[in-house]
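The primary structure of each chain is shown beneath.
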Amino acid sequence: MHRIISRGLALACVAAVSLAVATGAAAQSGAQQGAANAKIKVGFMLPYTGTYAALGNAIENGFRMYVDEQGGRLGGREVQYFKVDDESDPAKAPENATKLIKRDQVDVVIGTVHSGVQMGIVKVAKENNTLLIIPNAGADEATGPLCGPNIFRSSFSNWQPGYAMGQVVANRGMKRVVTLTWKYAAGEQSVRGFKEAFEAKGGKVVKELNLPFPNVEFQALITEIASIKPDAVFVFFAGGGAVKFVKDWAAAGLKDRIPLYASGFLTDGTLEAQGAAAQGLETTLHYADGLQNPRDQRFRLAYAKAFKLQPDVYAVQGYDAAQMLAAGAAAVNGDMSRKNDVYKAIAAARIDSPRGVFTLSRAHNPVQDFYLRKVQGNENKVSGIAVKALADPARGCRL
Ligand code: PHB
């Protein structure tokens with residue numbers, strides 16, 4: 001009896017163990033399979049309404065185009081998209097970013113355009129250790145004091161194009177300059193970069209003018225500039241507001257009286273709407289029309305074919321954000337749960353951008369050439385390189 005029971009027990013145990021092993025194995029292979037089939041979830045947090053709506057759309061177009069060129073897969077995984085309209089409203093940023101990260105469980109946030117909104121996204125991405133690739137907003141903090149292992153940028157810091165233009169204007173012998181911008185981080189930091197380079201070479205910013213974002217009542221400010229009679233003016237405006245400013249400046253009769261300089265956002269993606277008022281304007285940016293590189297030529301043809309639109313800097317930044325994600329995803333065969341390996345691979349990537357090849361600084365911001373461009377027809381034609389391989393100083397970043 002005893003032996004029988006023992007044998008019976010033993011058999012039962014063997015059966016139970018093998019069942020457990022089998023079940024465990026099935027569960028594990030199911031999990032592996034599930035993971036292998038899991039899609040890479042991309043969350044776009046961009047402005048789809050308001051003065052920056054066209055910028056948000058161009059970024060998404062560029063991003064999707066790169067993914068489509070890879071057959072819709074990165075690191076062997078299909079890509080699935082989620083999106084929220086951030087409305088360029090900083091007050092709504094934490095809630096919108098949280099929606100993508102907590103509700104949609106995205107693997108990466110691609111956002112955004114507006115520097116104020118960016119600050120909210122950076123905070124939430126850091127709290128959740130979620131990969132963030134910034135496809136435009138220049139907020140110096142994101143690759144400065146708030147830099148982090150999971151925070152990357154495919155665009156520029158606000159300091160960069162401003163600094164490049166400060167050198168150009170000083171080298172032209174201008175001494176007294178007035179600046180004008182919307183009063184928020186992008187404008188203020190862009191002016192700071194300009195001033196740093198311009199004053200280091202002996203120039204003087206004699207007046208810093210501004211108006212609230214996204215107001216376009218420029219008249220009183222234009223009148224004030226005319227009365228100061230500076231050697232030149234440096235401005236930061238973009239999107240719909242940039243169209244209005246360039247037209248108002250010309251209509252006030254200042255176009256041929258006071259040289260107007262800007263970071264290239266003033267005339268990127270806006271030329272058709274600005275028309276004659278923009279002709280001859282000179283700006284600095286990390287992209288331009290007429291770059292003689294085959295990578296850019298292929299990109300432009302494909303973009304025009306896909307969207308029946310000419311690409312602009314925002315489309316390039318979206319495209320390159322996807323290239324950065326691709327570098328991370330490839331390194332882990334699409335297993336985005338291996339976060340540190342993803343971050344390491346992106347940080348080390350060499351991005352073959354339409355703007356020219358770039359790498360990332362220690363703070364994860366592109367080290368790139370800044371072109372001098374001049375408006376000719378509907379193009380921001382490259383006329384030279386204002387500063388080669390310019391790296392943001394990344395003040396306050398400890399990585
Ligand atoms: C920004 O807010 O950082 C910003 C917005 C639009 C631009 C450039 C920078 O074109």
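The chain appears in an unreviewed UniProt entry as Amino acid/amide ABC transporter substrate-binding protein (HAAT family) from Cupriavidus gilardii J11. The UniProt entry for the chain carries the following text under Sequence similarities (unreviewed entry): "Belongs to the leucine-binding protein family."

Considering the environment of Asp 369
Checked against the element boundaries, Asp 369 lands in strand E14 (residues 366-376). Setting aside anything within four residues of it in sequence, one finds Asp 369 in contact with Leu 285, His 286, Ile 385, Val 387, Lys 388 and Ala 389. Separated by 2.7 Å, the side chain of Asp 369 and the backbone nitrogen of Ala 389 make a polar contact.

Re the sheet that holds strand E3 (residues 77-85)
As summarised here, the arrangement of the six strands in space is E2-E3-E1-E4-E5-E6, forming an open sheet in which the pairing is mixed. The open sheet has two free edges, formed respectively by strand E2 (73-74) and strand E6 (151-153), since each of these has just one partner strand. Relative to strand E5 (residues 131-134), strand E4 (residues 108-110) runs parallel, the two being bridged by three bridges. Counted as the bridge partner of Val 109 is Leu 132 from E5. Strand contacts of helix H4 (residues 115-128): strand E1 (40-46), E4, E5 and E6, with the helix running at about 160 degrees to E5, the strand carrying the most contacts.

Quick word on the site of the ligand
Taken together, 16 residues form the shell around the ligand, and within it Val 113, Ser 115, Gly 138, Tyr 184 and Tyr 314 come nearest. One nitrogen or oxygen atom from the main chain of Val 113 is found 3.3 Å from an oxygen atom belonging to the ligand. Protein chains shield 100% of the accessible area of the ligand, which is 280 Å² for the free molecule. Residues of the shell around the ligand, tallied by class, amount to eleven nonpolar, five polar and no charged. The two domains that each donate at least three residues to the shell around the ligand are domain 1 (40-156 + 292-364) and domain 2 (159-285).

Focus: H4
Here H4 spans 20 Å end to end across 14 residues, near enough to the 20 Å set by a 1.5 Å rise per residue. When H4 is considered as a whole, its buried residues turn out to be Ser 115, Val 117, Gln 118, Gly 120, Ile 121, Val 122, Val 124 and Ala 125. Looking at the packing, one finds that the buried side of H4 touches E1, helix H3 (93-103), E4, E5, E6 and helix H6 (185-200). Positive backbone phi, approximately 50 degrees, marks Asn 129, located one or two places after H4.

What to know about helix H2 (residues 53-69)
An ideal rise of 1.5 Å per residue puts 24 Å on 17 residues; H2 measures up with 25 Å between its terminal C-alpha atoms. With twelve of 17 residues buried, H2 lies mostly within the body of the structure. Here H2 has its buried residues at Ala 53, Leu 55, Gly 56, Ala 58, Ile 59, Glu 60, Asn 61, Gly 62, Phe 63, Met 65, Tyr 66 and Val 67. Gly 71 sits one or two positions beyond H2 and adopts a positive phi of about 75 degrees.

Thoughts on the packing of aromatic side chains
Tallied over the entire structure, the rule returns 24 aromatic pairs. Between Phe 44 and Phe 63, the ring centres sit 5.3 Å apart and the planes meet at 85 degrees, which makes this aromatic pair edge-to-face. Here the residue Phe 44 occupies a position in strand E1, and Phe 63 occupies one in helix H2, the gap between them amounting to 19 residues. For the pair Phe 44 and Phe 63, a shared accessibility class is recorded, and that class is buried. Judged by centre distance (6.0 Å) and plane angle (40 degrees), the ring pair of Phe 299 and Tyr 303 falls under tilted. Taken together, the positions of Phe 299 and Tyr 303, both in helix H10 (residues 294-307) and four residues apart, correspond to about one turn of that helix. A single burial state applies to Phe 299 and to Tyr 303, both of which are buried. Cluster of aromatic residues (ring-pair linked, three or more members): Tyr 52, Phe 156, Trp 182, Tyr 184, Phe 213, Phe 218, Phe 236, Phe 237, Phe 245, Trp 249, Phe 265 and Tyr 314. It is Arg 64 that lies over the ring of Tyr 81; its NZ or CZ is 4.1 Å from the centre.

Thresholds applied
Residues numbered from 1 in each chain as written. Predicted model: local features only at pLDDT ≥ 70, side-chain atom pairs only at ≥ 80, totals over all residues. Heavy atoms only, no water. UniProt positions renumbered as here; feature names shortened; annotations may be inferred. Helix = DSSP H or I, 4+ residues; strand = E, 2+ residues; numbered from the N terminus. Contact = heavy atoms within 4.5 Å. Polar contact = N/O pair within 3.5 Å; in protein donor to acceptor, adjacent residues only side chain to side chain. Pairing = 2+ DSSP bridges. Axes fitted to C-alpha atoms, helices over the stretch in contact; angles between N-to-C directions. Near = heavy atom within 4 Å. Areas by Shrake-Rupley, 256 points an atom, 1.4 Å probe, with all protein chains shown as cover. Nonpolar A, V, L, I, M, F, W, Y, C, P; charged D, E, K, R; others polar. Domains from an automatic or database assignment. Expected span 1.5 Å × (residues − 1). Buried < 20%, exposed > 50% of the residue type's maximum accessible area, 1.4 Å probe, protein only. Phe/Tyr/Trp six-rings, centres within 6.5 Å; stacked < 30°, edge-to-face > 60°. Lys NZ or Arg CZ within 6 Å of the ring centre and 35° of its normal.

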